[in-house]
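So you can see what is in the structure, the chains are spelled out below.
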Amino acid sequence: MDEIDRDPTRDAAFALLSAVLDKHRPLDQAIDQLGKRDVPARDRAAGHRIAASVLRHLGTLDAALETHLTKAPPAKIRHVLRIGAAQALFLGAPPHAAVSTSVALAHAVGMGKFAGLVNAVLRRVTAAGPATLDAFDQPRLDTPSWLWASWGKDARAIAVAHRAEAPLDLSILPGSEPPEGGIILPNATIRLPTGTDVTTLPGFTGATLWVQDAAAAMPVRLFGDVKGRRVLDLCAAPGGKTMQLAAAGARVTALDRDGRRLDRLRQNCARMGMDVDVVTADALAWRPDQPFDAILLDAPCSATGTIRRHPEIPHLRRPADIDDCAAMQDRLLDAASAMLAPGGTLVYAVCSLQDEEGHGRVAAACARLGLIRAPLAAEDVPGLATAITPQGDLRTHPGLWPEWGGMDGFYAARLTRPA
């Protein structure tokens with residue numbers, strides 16, 4: 001590499017962007033790798049903000065840069081240009097700073113011979129400023145075509161919502177005081193502004209709250225009163241729904257095959273003072289001594305409903321991934337049905353916007369396993385009556401509740417096993 005003064009924040013942003021787009025790794029894993037390389041937390045956080053902005057606006061950034069390029073630059077330089085353009089067009093960096101730091105980054109990644117190109121292109125891009133974006137259909141450019149097509153009539157509302165970072169949503173113990181400045185949403189979730197540090201809130205140290213998106217808090221509500229009931233939370237880590245169930249008085253068994261993620265669940269429950277039976281096992285093989293009154297299956301999925309929080313997802317997922325997820329979800333539904341007592345309730349949920357992982361799986365499970373849908377009523381999902389599907393299931397998406405800042409995309413269905 002060329003000998004220059006290094007900028008650890010831009011270095012971190014470049015490393016994260018390369019990890020996602022070149023090595024197809026999730027951002028969380030890439031950030032962990034930076035930690036192992038002793039990159040300071042401040043630089044990891046600042047680098048993440050830049051990389052996330054690039055990923056969130058990738059199609060628009062490439063379109064803006066393309067008008068000033070006569071031929072495709074090397075991948076490393078394309079990343080450098082994206083980082084510089086994102087800083088100037090979306091993150092409010094002064095034009096001269098966006099240009100100069102990008103020129104330095106080109107040297108830092110061993111591509112100093114392209115420094116002149118970086119300088120010239122970014123000067124042109126930043127000269128017009130954010131107004132240069134007005135000519136583009138940004139939501140459409142920033143969404144892969146196969147995802148846009150799969151979201152049907154809601155595609156534009158979803159894509160528009162994906163352009164903004166998600167706020168901080170909290171669940172709190174019944175009777176607890178909500179944090180100052182929080183908005184109480186119709187489903188009793190507490191919402192605070194984007195960027196709020198939950199660890200600084202009195203309720204965090206006081207063990208009265210935990211982080212949980214408004215949509216993610218809905219599946220547990222579908223059980224109704226769970227006080228005293230034996231409830232199995234399958235694929236439970238990191239434990240937001242486990243804590244919801246425990247707070248409502250359920251006798252909870254939390255099962256997950258990922259021991260490291262279960263350690264986080266244990267820590268969360270310990271912080272909240274909640275007594276939960278934690279089991280490290282594969283849900284496809286494990287069987288209880290007796291069936292459960294209720295089972296929550298928040299199944300592994302494509303996670304396309306969480307793109308606001310994980311902007312790398314559109315750049316990592318492919319259509320074939322949906323088929324793989326659906327096959328696993330079928331196996332988990334079979335396992336959950338076998339552990340459910342006659343007359344018991346099974347809530348199936350996924351943080352996916354893909355119909356194949358939602359309605360498609362439930363329809364197949366009902367036909368295959370003899371499970372019966374228990375359609376939802378408006379009172380089951382406060383403020384979300386319009387999100388009840390014709391089949392009586394719940395389908396949220398990020399474009400809902402725009403006046404409050406949206407929510408994650410979730411599908412949930414309530415099923416019963418005949419007595």
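Residues numbered from 1 in each chain as written. Predicted model: local features only at pLDDT ≥ 70, side-chain atom pairs only at ≥ 80, totals over all residues. Heavy atoms only, no water.

## With respect to the sheet that holds strand 3 (residues 190–192)
Spatially, four strands are ordered 2-3-1-4 in an open sheet, and the strand pairing comes out antiparallel. A single partner strand is all that each edge strand has here, and the edge strands are strand 2 (183–184) and strand 4 (209–211). Sheet topology note: the strand 1 (residues 168–172)/strand 3 ladder contains three bridges and is antiparallel. Paired with Leu168 across the bridge in strand 3 is Leu192. (Pairing = 2+ DSSP bridges. Helix = DSSP H or I, 4+ residues; strand = E, 2+ residues; numbered from the N terminus.)

## Re the pairing of strand 6 (residues 251–256)
With respect to burial, strand 6 is a largely interior element, five of its six residues being buried. Pairing geometry for strand 5 (residues 230–234) and strand 6, over five bridges, is parallel. Counterpart to Arg230 in the pairing with strand 6 is Arg251. The parallel pair strand 5 and strand 6, bridged by helix 13 (residues 240–247), forms a crossover whose chirality is right-handed. In this structure, strand 6 lies alongside strand 7 (residues 277–280), joined through four bridges in parallel fashion. Counterpart to Ala254 in the pairing with strand 7 is Val278. Once the chain exits strand 6 it traverses helix 14 (residues 259–272) before rejoining the sheet at strand 7, and the crossover so formed is right-handed. (Buried < 20%, exposed > 50% of the residue type's maximum accessible area, 1.4 Å probe, protein only. Right-handed = clockwise from strand over helix to strand, strands pointing away.)

## So, the side chain of Arg361
Here Arg361 is to be found in helix 17 (residues 359–369). Within polar-contact distance, the side chain of Arg361 engages the backbone oxygen of Glu356 at 2.7 Å. Sequence-distant contacts of Arg361, that is, excluding residues within four places in its chain, are made with Ala326, Gln329, Asp330, Leu333, Tyr348 and Glu356. (Polar contact = N/O pair within 3.5 Å; in protein donor to acceptor, adjacent residues only side chain to side chain. Contact = heavy atoms within 4.5 Å.)

## Regarding empty space enclosed by the protein
Applying the stated rule across the entire model yields two cavities of 30 Å³ or more. Approximately 120 Å³ is the volume attributed to the largest cavity. Residues belonging to the lining of the largest cavity are distributed by class as follows: eight nonpolar, two polar and three charged. Domain assignment of the residues forming the lining of the largest cavity places at least three in each of domain 1 (8–141) and domain 2 (210–416). (1 Å grid on protein atoms, 1.4 Å probe; cavity = no way out; pocket = protein on both sides within 12 Å on 5 of 7 lines; lining within 4 Å. Points joined across faces, edges and corners; volume = space filled by probe spheres on them. Nonpolar A, V, L, I, M, F, W, Y, C, P; charged D, E, K, R; others polar. Domains from an automatic or database assignment.)

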